[in-house]
Amino acid sequence: MDDRGSLVVIENGDGINFDIQRIYFLSQFTGGQSRGFHAHRDLKQLLICLKGRCEVTCDNGTQRETAVLDNPTHGLVIGPMIWREMHNFSQDCVLLAVASQKYDEGDYIRDYKMFIKEAKNAEQ
Ligand code: T46
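Residues numbered from 1 in each chain as written. Predicted model: local features only at pLDDT ≥ 70, side-chain atom pairs only at ≥ 80, totals over all residues. Heavy atoms only, no water.

A. Main features of the site of the ligand. What surrounds the ligand is a group of 14 residues, the closest being Arg22, Arg35, His40, Gln45 and Tyr108. In the complex, the protein chains occlude 68% of the 650 Å² of accessible area that the ligand would expose alone. Of all the secondary structure elements, the ones that give two or more residues to the shell around the ligand are β1 (22-26), β2 (35-40), β3 (45-51) and β7 (83-87). Of the residues forming the shell around the ligand, the biggest block, four residues, is contributed by β2. Here the shell around the ligand is built from residues that sort into six nonpolar, four polar and four charged. (Near = heavy atom within 4 Å. Areas by Shrake-Rupley, 256 points an atom, 1.4 Å probe, with all protein chains shown as cover. Helix = DSSP H or I, 4+ residues; strand = E, 2+ residues; numbered from the N terminus. Nonpolar A, V, L, I, M, F, W, Y, C, P; charged D, E, K, R; others polar.)

B. Structural context of the layout of surface pockets. The calculated volume of the largest pocket comes to roughly 200 Å³. Contributing elements (two or more residues each) for the lining of the largest pocket: β1, β2, β3, β7 and β8 (94-99). Considering each element in turn, the lining of the largest pocket owes the most residues, four residues, to β2. A class-by-class count of the residues in the lining of the largest pocket yields seven nonpolar, four polar and three charged. Size it by volume and the second largest pocket reaches roughly 160 Å³. Along its surface, the second largest pocket is lined by Val8, Val9, Ile10, Asp14, Gly15, Ile16, Leu46, Ile48, Pro72, Thr73, His74 and Gly75. Of the residues that constitute the lining of the second largest pocket, the class distribution is seven nonpolar, four polar and one charged. (1 Å grid on protein atoms, 1.4 Å probe; cavity = no way out; pocket = protein on both sides within 12 Å on 5 of 7 lines; lining within 4 Å. Points joined across faces, edges and corners; volume = space filled by probe spheres on them.)

C. Representation of the state of the cysteines. Per the counting criterion, the structure on display carries zero disulfides. For the unlinked cysteine cysteine 49, the closest cysteine sulfur is that of cysteine 93, found at 3.8 Å. In this structure cysteine 54 is a free cysteine whose sulfur lies 4.3 Å from that of cysteine 93, the closest cysteine sulfur available. For cysteine 54, a relative accessible area of 0% gives the class buried. (Disulfide = S-S within 2.5 Å. Buried < 20%, exposed > 50% of the residue type's maximum accessible area, 1.4 Å probe, protein only.)

D. How the structure looks around the nonpolar core. Residues Val56, Leu69 and Leu95 are the most contacted members of the largest nonpolar core, which totals 16 residues. When near neighbours in sequence (up to four residues on either side) are disregarded, leucine 69 contacts Leu47, Cys49, Gly52, Arg53, Cys54, Val56, Leu76 and Leu95. Counting seven residues, the second-largest nonpolar core is a separate cluster that includes Ala39, Met81, Ile109 and Ala119. (Core = buried A, V, L, I, M, F, W, Y, C linked by side-chain atoms within 4.5 Å. Contact = heavy atoms within 4.5 Å.)

E. Geometry of the pattern of salt bridges. Scanning the entire structure with this criterion turns up six salt bridges. Across the pair arginine 4 and aspartate 2 runs a salt bridge, and its minimum N-O distance is 2.8 Å. Among the charged side chains, a salt-bridge network with shared partners connects Asp59, Arg64 and Glu85. (Salt bridge = Lys/Arg side-chain N within 4 Å of Asp/Glu carboxyl O.)

F. Highlighting the sheet that holds β7. Pairing is antiparallel across the open sheet formed by five strands, whose spatial order is β5-β4-β7-β2-β9. Of all strands in the sheet, those with a lone pairing partner are β5 (64-69) and β9 (108-109), marking the two edges. Of the strand pairs in this sheet, strand β4 (residues 54-59) and β5 are connected by six bridges, and their pairing is antiparallel. Note that in β5 the partner of aspartate 59 across the bridge is arginine 64. (Pairing = 2+ DSSP bridges.)

Just geometry here; none of it tells us what the structure is for.
Pasting the structure below:
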């Protein structure tokens, strides 16, 4: 931050433990929507709320935790095999995702029972 404003940098190797392959953002929330409801088998992601606020619930199959994202200088890293749900987006929310892989629908687990089964198998 200087007298011209703020500049926030995301670089490979600086606070994130993966190489960046993809960036996308979610925006234009009209109110009341929830998103996510899936896990990734391999994908790692960094989520940063650039504007507004939202809540991200992470579930590793045994524990659930909810983080409020409302600060563009803070990020949430989500590793593989974490079920995520995103709720309570403010209408002005802009949620940036920095991802370790290109989009691959085959990496998604969109069924919670399947997620629990795969998470238990991974533990063994
Ligand atoms: C996540 C949260 C934060 C693509 O074609 N390319 C992409 O890179 C992405 C992310 C999505 N899509 C397609 C797949 C679906 O047809 O866009 C549609 C919406 O995707 P999805 O329902 O997965 O969106 P969200 O908001 O529930 O989840 C997304 C990411 O998929 C997910 O990895 O962690 O944002």
